[in-house]
Amino acid sequence: MEDNLSQHTKNILGLQLQTDPRWVNLAEMQLEDILTDHAYCEQKAATTCISLIQKNPEKTLLVEELSPLVTEEWGHFRMVLAEINKRKLQLGRQRKDIYVNKLLDFQIKGGGHEDRFLDQMLIMALIEARSCERFKRLSEGLDDENMRKFYRLFMESEAGHYTLFITLAEYYIDKKIVRNRWAEWLKYEKELMNSAEVRGDRIH
Ligand SMILES: [Fe+2]
Ligand SMILES: [Fe+2]
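Quick look at the structure, then. A quick note: this is a predicted structure, and the numbers were derived from the prediction, not measured.

On to the overall build of the protein chain, then. When you go through the protein chain residue by residue, the secondary structure sums to 8 helices and 0 strands. By the compact-globule yardstick of 17 Å for 204 residues, the protein chain fits well, its C-alpha radius of gyration being 17 Å. Projected onto the principal axes, the alpha-carbon positions of the protein chain cover approximately 45 × 35 × 30 Å. Expressed as a percentage of its 204 residues, the buried residues of the protein chain come to 28%. Considering only contacts in the protein chain between residues 6 or more positions apart, those separated by 24 or more positions represent 76%.

So this is what it looks like as structure tokens:
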């Protein structure tokens, strides 16, 4: 299936496996669940950026770049919440984040501060890239024109965030080390996506 992923998307996002095409149809039938899940994804993006700043105050560029990102991700949360309200839907409860938990399993155990930092940056890049790819599917595949436009906006933002986390990793750590580890992450994520159940009630 990965051969269907356009070279353009591969170059931008690096992802090795395209989302199962059935996913958009499932998501469309469970819009309340998808919007709820999306809302929490945005919230977690904001809180993770806060936590990265707290753990790395000496990294001036990171602090500079992630501070506005907190605001932006929180703004995304509010946009999703507004959409939920507009549609007279209900923000549901947060679900267990299987995708992110499985990514965390692949994190380097032990290791030095630098190894852990690199994995944290690459996990964020991966989540942003996969979210971007999923938003792209929604922006192309949903029937509702307003929803397609809505997801187009998110797709564009998350593409920029993906790049930012890679750039930050390469600023603080040798580029060759970053690239090698990124290749390992992409391979792992492909296997993860391949084995995951296709569910319409969640973004990943
Ligand atoms: Fe976002
Ligand atoms: Fe983001």
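So much for the structure itself; the text now carries on.
M121, A125, F165 and A169 are the most contacted members of the largest nonpolar core, which has 38 residues in total. Take this core: its biggest share by element is 12 residues, from helix α6 (residues 113-141). Leave out the neighbours within four places in its chain, and F165 touches M121, M124, A125 and E128.

Turning next to unusual backbone geometry. Phi at K88 takes a positive value of approximately 55 degrees, unusual for a residue other than glycine. Among the secondary structure elements, K88 is positioned in the loop between α4 (60-86) and α5 (98-105). In this structure K88 comes out as exposed when scored by C-beta crowding, with 7 C-beta atoms within 10 Å.

As a packed pair, α6 and helix α8 (residues 175-195) sit with axes 10 Å apart at the nearest point and diverge in direction by 50 degrees. As judged from the angle between their axes, α6 and α8 are oblique. Relative to α8, the crossing made by α6 is right-handed. Here L118, L122 and L126 of α6 come into contact with α8, specifically with V178, R181, W182, W185 and E189. Class assignment of the residues belonging to the contact of α6 with α8 gives a composition of 6 nonpolar, no polar and 2 charged.

This part covers α8. With 21 residues, α8 extends 30 Å between its outermost C-alpha atoms, agreeing within 8% with the 30 Å of an ideal straight helix rising 1.5 Å per residue. Burial in α8 covers these residues: V178, W185, E189 and M193. Seen along its axis, α8 keeps its buried residues to an arc of 70 degrees; they face one direction. Seen from the buried face of α8, the exposed residues on the opposite side, beyond 90 degrees, are K176, N180, A183, E184, K187, N194 and S195. Among the structural elements, α6 and α7 (145-172) are those in contact with the buried residues of α8.

The subject of this paragraph is the environment of R148. Here R148 shows up in helix α7. Residue R148 is classed as partly exposed on the basis of its C-beta count, with 14 C-beta atoms lying within 10 Å. Separated by 12 residues in sequence, R148 and K136 have C-alpha atoms that sit 8.8 Å apart. With sequence-adjacent residues up to four places away left out, R148 is seen in contact with S139 and L142.

So, how was this worked out
- Residues numbered from 1 in each chain as written.
- Chains lettered and ligands numbered in written order.
- Predicted model: local features only at pLDDT ≥ 70, side-chain atom pairs only at ≥ 80, totals over all residues.
- Helix = DSSP H or I, 4+ residues; strand = E, 2+ residues; numbered from the N terminus.
- Rg over C-alpha atoms; globule rule 2.2 N^0.38 Å.
- Buried ≥ 20, exposed ≤ 12 C-beta atoms within 10 Å, placed from the backbone.
- Contact = placed C-beta atoms within 7 Å.
- Core = buried A, V, L, I, M, F, W, Y, C linked by C-beta atoms within 7 Å.
- Axes fitted to C-alpha atoms, helices over the stretch in contact; angles between N-to-C directions.
- Parallel < 35°, antiparallel > 145°, perpendicular 65-115°, else oblique.
- Left-handed = near helix turned anticlockwise from the far one by under 90°.
- Nonpolar A, V, L, I, M, F, W, Y, C, P; charged D, E, K, R; others polar.
- Expected span 1.5 Å × (residues − 1).
- Arc of directions from axis to C-beta.

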